[in-house]
Amino acid sequence: MNRPTMPSAQELPDPTRLMSDGWHCLHLYYRINQSALKALTSSELETGRQEVAEILNSERDDAPARLQCFAVTGHRADWGLMAMDPDPLKIDAVAQAIRSSALGAAFEATYSFVSISEVSEYVPTLEQYAERLKRDGASPEDPSFRAKVGAYEKRLPMMNQQRLYPDFPAWPIICFYPMNKARHPQANWFMEPFSSRSDMMSEHATSGIKFAGKVSQLITASTGYDDWEWGVTLWGRAPEYIKDIVYTMRFDTASAKYAEFGPFYIGYIMSPADVLSHLRI
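Residues numbered from 1 in each chain as written. Predicted model: local features only at pLDDT ≥ 70, side-chain atom pairs only at ≥ 80, totals over all residues. Heavy atoms only, no water.

1. So, the environment of Thr253
Test applied: Numbered from the N terminus, helices here are DSSP runs of H or I no shorter than four residues, and strands are runs of E no shorter than two. Contact between two residues is taken to exist if any of their heavy atoms lie within 4.5 Å; hydrogens are not considered.
Among the structural elements, Thr253 can be located in helix 8 (residues 253–256). Taking C-alpha positions, Thr253 is 8.6 Å from Met201, a pair spaced 52 residues apart along the chain. Ignoring sequence-local partners within four residues, the contact set of Thr253 consists of Met200, Glu203 and Tyr258.

Written as structure tokens, this is what we have:
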């Protein structure tokens, strides 16, 4: 019986906390501790405002690659931030700087979500996209078939770049929620063949495409990083678009039968100074 051979040290990559592809991601939500806030002197408040505004300044030299803050409505939190960077400790440094600032005692962390960016296994390769067109009845000899394949070939690298190293749109609304795929006896996503899962996710993506220009979506993976398997971040041009896209996509089989959702957080993106002003700090 042949025993598997272990790779030699020369074949293994160097140990690192950096991703081979993609970035680390953190969503972090805070509630104001009013008693701690009132205990601060006016001098401490002013110092704290300046410190936190600089910590949340996405343009500072040592800021994470992406950093955005927002006011949050509802009882779960008063404000939050989202950060992404190749180095998870650069992201964590933001949380530690907030904690150790003059305002740190007044900010109670109520929720966090740790994840990484990825290109989903359900994003079709160029070959898979062409095969899907064929299954739908398109002929490779048809000029429209070649045009669709050519257009997809140009779009795919840009789409994957956005999935791995996303830009945060400067839109006013941000929504976040975690989710799992069901493992129920009668609806176990992970027991379905890949072809079925791929078809269901294709239907799901088609529903989302209808909201292009209205909603920007980022899916980050959290299996092994947090209690849920994925995190969904939505940026909207207007509040109703968030409700519309979530409602519409829940009728897709991948969602209606197999999706399990965690808490939803809705926020309104502002500059650090405006967030602090909104919080009356």
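Once the structure has been displayed, the description carries forward.
2. Side note on the nonpolar core
Applied cut-off: Residues enter a nonpolar core if they are buried and are Ala, Val, Leu, Ile, Met, Phe, Trp, Tyr or Cys, with the set joined through side-chain atoms within 4.5 Å. Per-residue accessibility, obtained with a 1.4 Å probe over protein chains only, is compared with the maximum for each type, and a residue is labelled buried under 20%, exposed over 50%, and partly exposed between these values.
Counting 27 residues, the largest nonpolar core has Trp79, Leu81, Ile98, Leu103, Phe107 and Ile281 as the members making the most contacts within it. Those elements that place two or more of their residues in this core are strand 1 (24–32), helix 1 (34–38), helix 2 (42–55), strand 2 (66–72), strand 3 (79–85), helix 3 (88–100) and helix 9 (272–278). Counting 17 residues, the second-largest nonpolar core is a separate cluster that includes Phe70, Ala77, Tyr111 and Tyr265.

3. Some details on the side chain of His204
The test is simple: Any pair of N or O atoms that falls within 3.5 Å is considered a polar contact. Within protein, one atom must be able to donate a hydrogen and the other to accept it, and sequence-neighbouring residues count only if both atoms are side-chain atoms.
Positionally, His204 belongs in helix 6 (residues 194–209). A relative accessible area of 17% places His204 in the buried class. A distance of 2.9 Å separates a polar atom in the side chain of His204 from a polar atom in the side chain of Asp252. Each residue touching His204, except ones within four places of it in the same chain, is listed here: Met249, Asp252, Ala254 and Ser255.

4. Comments concerning the layout of surface pockets
For the record, the criterion: A 1.4 Å probe that fits into a set of points on a 1 Å grid over the protein atoms alone but cannot get out defines a cavity; an open set with protein on both sides within 12 Å along at least five of seven lines defines a pocket, and lining residues are those with an atom within 4 Å of a point. Grid points are joined across faces, edges and corners, and a volume is the space filled by probe spheres set on the points. Ten residues, namely Ala, Val, Leu, Ile, Met, Phe, Trp, Tyr, Cys and Pro, are considered nonpolar, four, namely Asp, Glu, Lys and Arg, are considered charged, and the remaining ones, Gly among them, are considered polar.
Computed from the structure, the largest pocket encloses a volume of approximately 1700 Å³. The wall of the largest pocket is formed by 45 residues, among which Val123, Arg163, Ala205, Ile209 and Gln217 lie closest to the centre. Per-element tally for the lining of the largest pocket: the top contributor is helix 6, with seven residues. Tallied by class, the residues present in the lining of the largest pocket amount to 28 nonpolar, ten polar and seven charged.

5. As for the packing of aromatic side chains
Heads up, the condition is: Each pair of aromatic rings taken from Phe, Tyr and Trp, with Trp reduced to its six-membered ring, is defined by centres within 6.5 Å and is described as stacked if the planes are under 30 degrees apart, edge-to-face if over 60, and tilted in the remaining cases. When the NZ atom of lysine or the CZ atom of arginine is within 6 Å of a ring's centre and also within 35 degrees of its normal, the charge is said to sit over that ring.
In total, this model carries 18 aromatic pairs according to the counting rule given. Pairing Tyr247 with Phe251 gives two aromatic rings, centres 5.1 Å apart and planes at 75 degrees, and the pair type is edge-to-face. Here Tyr247 and Phe251 have matching classes, each one exposed. Chaining the aromatic ring pairs together yields one cluster made of Tyr29, Phe70, Tyr111 and Tyr265. Taking the ring centre of Trp189 as reference, the NZ or CZ of Lys181 above it sits at 4.9 Å.

Distances and angles like these do not, on their own, reveal function.
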